[in-house]
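Structural features, examined
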Amino acid sequence: MTTSVTHLWRLLKWGRTLARHGALRGIEEDPTTPPQVRRLTRIARLGARIPPTPDYAKALQEIGPAAIKLGQALSTRPDLVGERAARNLSLLQDDIPPSPFPAIKSIIESSFSAPIESLFATFDEVPVGSASIAQVHRATTTDGRDVAVKVLRPGIEEEFARALETYEWAAAHVERYGGEAERLRPRLVVAHFRQWTSRELDLQREAASASELRENLIAEPGYYVPEIDWRRTARRVLTLEWLDGVKLNDREALIAAGQDCEQLAATLVRAFLRQAVVDGFFHADLHHGNLFALRDGRIAVIDFGIMGRIDRRARVWLAEILYGLITGDYRRVAEIHFEAQYVPGHHNVDEFATALRAAGEPIRGLPVKDISVGRMLESLFSITRDFDMPTQPHLLLLQKTMVMNEGVATALDPDINMWETAEPFLREWIRSELGPEAYYADRIIEIVRAAKKLPELVHRLDEYYPPRGAAPPSPPLPEIAVIEHGNWWSYATVAGIAAAVGALLMFVVA
């Protein structure tokens, strides 16, 4: 168990690094920051030269891999860190120097208990990519297939475990201050961050996610998920099909290759909606580096370490909220927020609908390039504060992915209107899910499930309420206070004291 002194020492070291890059100024100037936290930030920056413009991304890159991943998660929480910080954190790149090849080779051979030559005919020692958690090498299997081999960095699990302990310790202390800090639920934020990183640190689980996504997206022929080589995949090693393509952030190269950028953008939006709304299982790290345009015009996706899930009821709410915002039905959007208990019940539905209209009308129908993201976020965060809306951690990944997806789609097609692109898809899905056919199908399923439970329910009733025997029922017995056998001394003592007090009173009266 790590001691509080160790946690404080780590936080002060990290705080010193953040202070050197001006990254503590926002916390110190925020009026909602608890006084104790503000004092710690002042201690951390003592004697440091503070740059005029904070650089949160550079500070976290200097702290290390766990901080990089935390920063990428916080980039989805402008309500927690502020819009300026979130925008800077979205630039975080976890390209770091690779681990030496002998260490990587050792991990591969220990994972499969076999020499690397028995698995791969060729293996490039210089990685094609090196990130905070793993690095990727190009290789050829012994049966002649080109593959990408992803290998965890040595010691990365231990490094993340240490950092996460301190994040949890700090979040628990901040949340104790109550107020705005409690509403933002930092402990839940860290808990979800722990879940994300634990998934990323298990490459066999990442392979399973890729396999599931590949099956789900058969219905989207313009979107491709590479095939997994299960024979060469383990907890610390992932092998998958090698893909040749152009990254989606290089628009000029895409045009030179004859790609239709408008079609790519539309495919990207539709594929994301299919993942999030239809399947409830979506790729939650859709930045430019993970998306490619293949020669045949399809979009290929890689890196399945961060995946999101939402259940069917939440997907229906999500689809109705998006469709309501598209069509301007703010009353229905407000009702859904109350049904989902995203807004506390003591607030007024109509007032909430008016607040949503104030945020939605200025941007509805505009192309993304004409929307002021800062103004929109300011309106939305004001709504969450005014209506005491607690953070919904299960939707954090979805929010992050929607922002990423919009950014990539806009880079491909600056004139894209995300609402217009999404509207036909959402309208059709809502009709199929909430129409009369779906309603009666759901009721039939519920009735069949209930009928299947009846035999077990009767059996359990027999166990708890067996039939009466041949003997007649006993008459009711009166309740009588009984002196416990082991406590008769205490009763005798109380009686003796009472008698003595009574005799004394009689003497006084006499």
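Parameters at a glance
Residue numbers run consecutively from 1 along every chain, following the written order of its sequence. In keeping with the model being predicted, local features are shown solely for residues with a pLDDT of at least 70 and side-chain atom pairs are shown and tallied solely at 80 or more, while totals for entire chains, interfaces and linings include all residues. Only heavy atoms go into the side-chain values, all of them from the structure, while hydrogens and water stay out. Where helices and strands are cited, they refer to DSSP runs of H or I of at least four residues and of E of at least two residues respectively, numbered from the N terminus. Here the term buried applies to any residue with accessible area under 20% of the maximum for its type, exposed to any over 50%, and partly exposed to those in between, with areas from a 1.4 Å probe on protein chains only. In this analysis, two residues are considered to be in contact whenever any of their non-hydrogen atoms come within 4.5 Å of each other. Per-residue and other accessible areas were derived by the Shrake-Rupley procedure at a 1.4 Å probe size, with only the shown protein chains allowed to occlude residues. Here, expected helix span is obtained from the residue count minus one, scaled by 1.5 Å. The directions considered for the arc run from the helix axis to the C-beta atoms. We call two N or O atoms a polar contact when they sit within 3.5 Å, provided that within protein one can donate a hydrogen and the other can accept it, with sequence-adjacent residues counted only if both atoms are side-chain atoms. Per residue, pLDDT measures the predictor's confidence, with a range of 0 to 100. Here, any two strands with at least 2 DSSP bridges between them count as paired. To define axes, lines are fitted to C-alpha atoms, for helices over the stretch in contact only, and angles between the resulting N-to-C directions are given on a 0 to 180 degree scale. Any angle that is under 35 degrees is reported as roughly parallel, and any over 145 degrees as roughly antiparallel; angles of 65 to 115 degrees are reported as roughly perpendicular and all others as oblique. We call Phe, Tyr and Trp rings a pair once their centres come within 6.5 Å, taking the six-membered ring for Trp, and we label the pair stacked below 30 degrees between planes, edge-to-face above 60, and tilted otherwise. Should the near helix be turned anticlockwise from the far one by less than a right angle, the crossing is termed left-handed; should it be turned clockwise, right-handed. Ten residues, namely Ala, Val, Leu, Ile, Met, Phe, Trp, Tyr, Cys and Pro, are considered nonpolar, four, namely Asp, Glu, Lys and Arg, are considered charged, and the remaining ones, Gly among them, are considered polar. In the sections that follow, a salt bridge refers to a side-chain nitrogen of Lys or Arg positioned within 4 Å of a carboxyl oxygen of Asp or Glu. Throughout, nonpolar core names a set of buried Ala, Val, Leu, Ile, Met, Phe, Trp, Tyr and Cys residues whose side chains join them through atoms within 4.5 Å.

This next bit is on the overall build of the protein. Across its full length, the protein holds 22 helices and 11 strands. Scored against the burial criterion, the 510 residues of the protein give a buried share of 43%. When contacts within the protein are restricted to residue pairs at least 6 apart in sequence, long-range pairs at least 24 apart make up 68% of them. When the accessible surface of the protein is summed, it comes to about 28,200 Å², and 57% of that surface belongs to carbon and sulfur atoms.

Turning to helix α17 (residues 349–360), a few remarks are in order. Its 12 residues give α17 an end-to-end C-alpha distance of 16 Å, which sits within 8% of 16 Å, the value for a rise of 1.5 Å per residue. Those residues of α17 lying buried are Phe352, Ala353, Ala355, Leu356, Ala359 and Gly360. The buried residues of α17 occupy an angular sector of 160 degrees when projected down its axis, which confines them to one face. Seen from the open side of α17, the exposed residues pointing more than 90 degrees away from its buried face are Glu351, Thr354 and Ala358. Structurally, the start of α17 carries an N-cap: the backbone nitrogen of Asp350 is 2.8 Å from a side-chain oxygen of Asn348.

With that out of the way, let us pick up the confidence of the model for the protein. For the protein, the average pLDDT comes to 77, and 73% of its residues sit at 70 or higher. Per-residue pLDDT, averaged within each element of the protein, yields its smallest value for helix α22 (residues 488–509) (53) and its largest for strand β6 (residues 237–241) (95).

Across the sheet, 4 strands lie side by side as β5-β10-β9-β7; this open sheet has mixed pairing. Edge positions in the sheet fall to β5 (223–224) and β7 (246–247), since each of these pairs with one other strand and no more. Here strand β9 (residues 291–293) pairs with strand β10 (residues 299–301) via 3 bridges, running antiparallel. Bridged to Phe292 within β10 is Ala300.

This brings us to the packing of helix α1 (residues 4–20) against helix α9 (residues 156–175). For any two helices packed against each other, one specifies the crossing angle of their axes together with the interaxial distance. It is the contact of α1 with α9, at a shortest axis distance of 10 Å, that shows an interaxial angle of 95 degrees. As judged from the angle between their axes, α1 and α9 are roughly perpendicular. Seen from α1, the contacting residues are Ser4, His7, Leu8, Arg10, Leu11 and Trp14; seen from α9, they are Arg162, Ala163, Glu165, Thr166, Tyr167, Trp169 and Ala170.

Enumeration over the complete set of coordinates arrives at 5 aromatic pairs. A centroid spacing of 6.4 Å and a plane angle of 80 degrees characterise the contact between Phe272 and Phe282, whose relative ring orientation is edge-to-face. Of this pair, Phe272 sits in helix α14 (residues 261–279) while Phe282 sits in strand β8 (residues 281–283), and the two are 10 residues apart along the sequence. By relative accessible area, which is 6% here, Phe272 ends up buried. With relative accessibility at 1%, the residue Phe282 sits in the buried group. Ring geometry for Phe338 and Phe352: centres 6.0 Å apart, planes at 75 degrees, overall edge-to-face. Remark: Phe352 occurs in helix α17 and Phe338 occurs in helix α16 (residues 330–339); sequence separation between them is 14 residues. By the burial criterion, Phe338 is buried, and Phe352 matches it. These aromatic residues form a ring-pair network of at least three members: Phe101, Phe120 and Phe123.

This part takes up the packing of α1 against helix α4 (residues 56–63). The N-to-C vectors of α1 and α4 enclose an angle of 145 degrees; their axes lie 8 Å apart at closest approach. The handedness of the crossing between α1 and α4 is right-handed. Facing Trp14, Thr17, Leu18 and Arg20 of α1, the residues of α4 in contact are Ala59, Leu60, Glu62 and Ile63. In terms of residue class, the contact of α1 with α4 is made up of 5 nonpolar, 1 polar and 2 charged.

Moving on: the pattern of salt bridges. Considering all chains together, one arrives at 17 salt bridges under this definition. A salt bridge links Arg298 to Asp296; the nearest nitrogen and oxygen atoms lie 2.8 Å apart. Within the structure, one salt-bridge network assembled from shared partners comprises Asp143, Arg145, Asp229 and Arg232.

Most peptide bonds are trans, and most residues other than glycine sit at a negative phi. In this structure, Ser113 is a non-glycine residue whose phi angle is positive, near 50 degrees. With respect to the secondary-structure elements, Ser113 resides in the loop between α8 (101–112) and β1 (120–123). Residue Ser113 is classed as exposed on the basis of its relative accessible area of 71%. Notably, Asp303 is not glycine yet its phi reads approximately 65 degrees, a positive angle. Note on placement: Asp303 falls in the loop between β10 and β11 (307–309). Asp303 gets classed as partly exposed once you look at its relative accessible area, which sits at 21%.

This part covers the side chain of His137. Assignment of secondary structure puts His137 in strand β3 (residues 134–141). Overall, His137 belongs to the buried group, its relative accessible area being 0%. Among the polar contacts made by the side chain of His137, one reaches the main-chain carbonyl oxygen of Glu125 at a distance of 3.4 Å. Ignoring anything within four residues of it in the chain, the contact list for His137 reads Phe101, Ile104, Phe123, Asp124, Glu125, Val126, Pro127, Val147, Ala148 and Val149.

Before going further, it helps to examine the nonpolar core. Tyr167, Tyr223, Leu248, Leu291 and Phe304 are the most contacted members of the largest nonpolar core, which has 74 residues in total. Ranked by residues supplied to this core, first place goes to α14 with 10 residues. In contact with Phe304, not counting residues within four places along its chain, are Glu206, Ser209, Ala210, Leu213, Val225, Pro226, Leu240 and His283. With 15 residues, the next largest nonpolar core counts Ile116, Phe123, Ala139 and Ala234 among its residues.

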